[in-house]
Amino acid sequence: MGTVVFFIFAIMAIAAAWGVVTSKNIVHSALFLVLSFSGVAVLYVLMNADFLAAVQILIYTGAVAIMIIFAVMLTLRGEISESNPENHHWGWGALVAVLVFIMMALVILANPDWRILATPWTSGGSAEDLSLLLLTKFMIPFEVAAVLLTIALAGAVVLAKGVKESK
């Protein structure tokens, strides 16, 4: 049963990603992006990565995709049905994506001892373990990232609101 659910949501995520690239309406592209992010979140749940699934839903699906939609709606002028006309070169993008995939596969398959981390992660992968790491060992980088994101949000509000010219 898990395999069937995996293939359903994997195909959904890939089809939605295809819709992001090929849609001529930029709002539809953003909504396809939300669907793709949601499909990836379900795949995380199937891999027992509950924390990553929650982050995927909260941050990517909820915040990033909605921010993109608001940015498009705030800045778009004119007819929205042809708001993304420069996607007729998708063939070149597909070719580059296939070549990058082949190159990455060759690097991974050619090096059997290739690892991302020097030492394997021995603790569990639950949300409790990750929260303990974020609030003990990696507390300073976590707080710096929070402050940086808050400053970026304030800058986005100022840019979206606009600055009045002084006379």
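Residues numbered from 1 in each chain as written. Predicted model: local features only at pLDDT ≥ 70, side-chain atom pairs only at ≥ 80, totals over all residues. Heavy atoms only, no water.

## Points about the overall build of the chain
- Helix and strand content of the chain: six helices and zero strands.
- Starting at the N terminus and walking to the C terminus, you meet the elements of the chain as α-α-α-α-α-α.
- Of all 167 residues assigned to the chain, the portion counted as buried reaches 14%.
- In the chain, of all internal contacts separated by at least 6 residues, the share reaching a separation of at least 24 is 60%. (Helix = DSSP H or I, 4+ residues; strand = E, 2+ residues; numbered from the N terminus. Buried < 20%, exposed > 50% of the residue type's maximum accessible area, 1.4 Å probe, protein only. Contact = heavy atoms within 4.5 Å.)

## Examining the packing of aromatic side chains
- If you walk through the whole model with that rule in mind, you get two aromatic pairs.
- A centroid spacing of 5.4 Å and a plane angle of 75 degrees characterise the contact between Phe6 and Phe7, whose relative ring orientation is edge-to-face.
- Judged by its relative accessible area of 37%, Phe6 is partly exposed.
- Taken together, a centroid distance of 5.4 Å and an interplanar angle of 50 degrees make the contact between Phe37 and Tyr60 tilted. Taken together, the residues span a long stretch of sequence, with Phe37 in helix 2 (residues 26-46) and Tyr60 in helix 3 (residues 50-75) at a distance of 23 residues.
- Taking relative accessible area as the criterion, Phe37 reaches 17% and is therefore assigned buried. (Phe/Tyr/Trp six-rings, centres within 6.5 Å; stacked < 30°, edge-to-face > 60°.)

## Overview of the layout of surface pockets
- Volume-wise, the second largest pocket comes out at about 240 Å³.
- Along the walls of the second largest pocket sit Phe51, Ile59, Leu134, Pro141, Phe142, Ala145, Ala146 and Leu149, which together make up its complete lining.
- Within the residue set of the lining of the second largest pocket, elements represented by two or more residues are helix 3 and helix 6 (139-161).
- Here the residues of the lining of the second largest pocket sort into eight nonpolar, no polar and no charged. (1 Å grid on protein atoms, 1.4 Å probe; cavity = no way out; pocket = protein on both sides within 12 Å on 5 of 7 lines; lining within 4 Å. Points joined across faces, edges and corners; volume = space filled by probe spheres on them. Nonpolar A, V, L, I, M, F, W, Y, C, P; charged D, E, K, R; others polar.)

## Here's the deal with a nonpolar patch on the surface
- Nonpolar side chains collect at one region of the surface, where Trp92, Leu95, Val98, Leu99, Phe101, Ile102 and Leu106 lie side by side and expose about 780 Å² of accessible area between them.
- In this structure, Leu95 sits in helix 4 (residues 90-110).
- Residue classification places Leu95 among the partly exposed residues on the basis of a relative accessible area of 42%. (Patch = residues over 30% accessible without salt bridge, like charges linked within 9 Å, V, L, I, M, F, W, Y side chains within 5 Å. Areas by Shrake-Rupley, 256 points an atom, 1.4 Å probe, with all protein chains shown as cover. Salt bridge = Lys/Arg side-chain N within 4 Å of Asp/Glu carboxyl O.)

## Some thoughts on unusual backbone geometry
- Despite not being glycine, Asn48 has its phi angle at roughly 60 degrees, a positive value.
- Judged by its relative accessible area of 66%, Asn48 is exposed.

## Describing the UniProt feature "transmembrane region" (unreviewed entry) in the chain
- UniProt marks residues 6-23, 30-47, 53-78, 90-110 and 138-160 with the feature "transmembrane region" (unreviewed entry), using the numbering shown here.
- Structurally, residues 30-47 is divided into 94% helix and 0% strand, and its ends, taken at the C-alpha atoms, are 26 Å apart. (UniProt positions renumbered as here; feature names shortened; annotations may be inferred.)

## A closer look at the confidence of the model for the chain
- Averaged over all residues, the pLDDT of the chain is 79; the fraction at 70 or higher stands at 77%.
- For the chain, the element scoring lowest by mean pLDDT is helix 5 (residues 127-135), at 77; helix 1 (residues 2-22) scores highest, at 92. (pLDDT = per-residue confidence, 0-100.)

## Quick look at the packing of helix 1 against helix 2
- It is the contact of helix 1 with helix 2, at a shortest axis distance of 8 Å, that shows an interaxial angle of 155 degrees. Considering the angle they form, helix 1 stands roughly antiparallel to helix 2. Judged by the sense of rotation from one axis to the other, the crossing of helix 1 with helix 2 is left-handed. Across from Gly2, Val5, Phe6, Phe9, Ala10, Met12, Ala13, Ala16, Ala17, Gly19 and Val20 in helix 1, the residues of helix 2 making contact are Ser29, Phe32, Leu33, Leu35, Ser36, Ser38, Gly39, Val40, Val42, Leu43 and Leu46. (Axes fitted to C-alpha atoms, helices over the stretch in contact; angles between N-to-C directions. Parallel < 35°, antiparallel > 145°, perpendicular 65-115°, else oblique. Left-handed = near helix turned anticlockwise from the far one by under 90°.)

## A short note on helix 2
- Counted at 1.5 Å a residue, the expected span for helix 2 with its 21 residues is 30 Å, and the 31 Å between its end C-alpha atoms agrees.
- Within helix 2, burial applies to Val27, Ser29, Ala30, Val34, Ser36, Phe37, Gly39, Ala41 and Leu43.
- Immediately downstream of helix 2, the backbone of Asn48 shows phi near 60 degrees, a positive value. (Expected span 1.5 Å × (residues − 1).)

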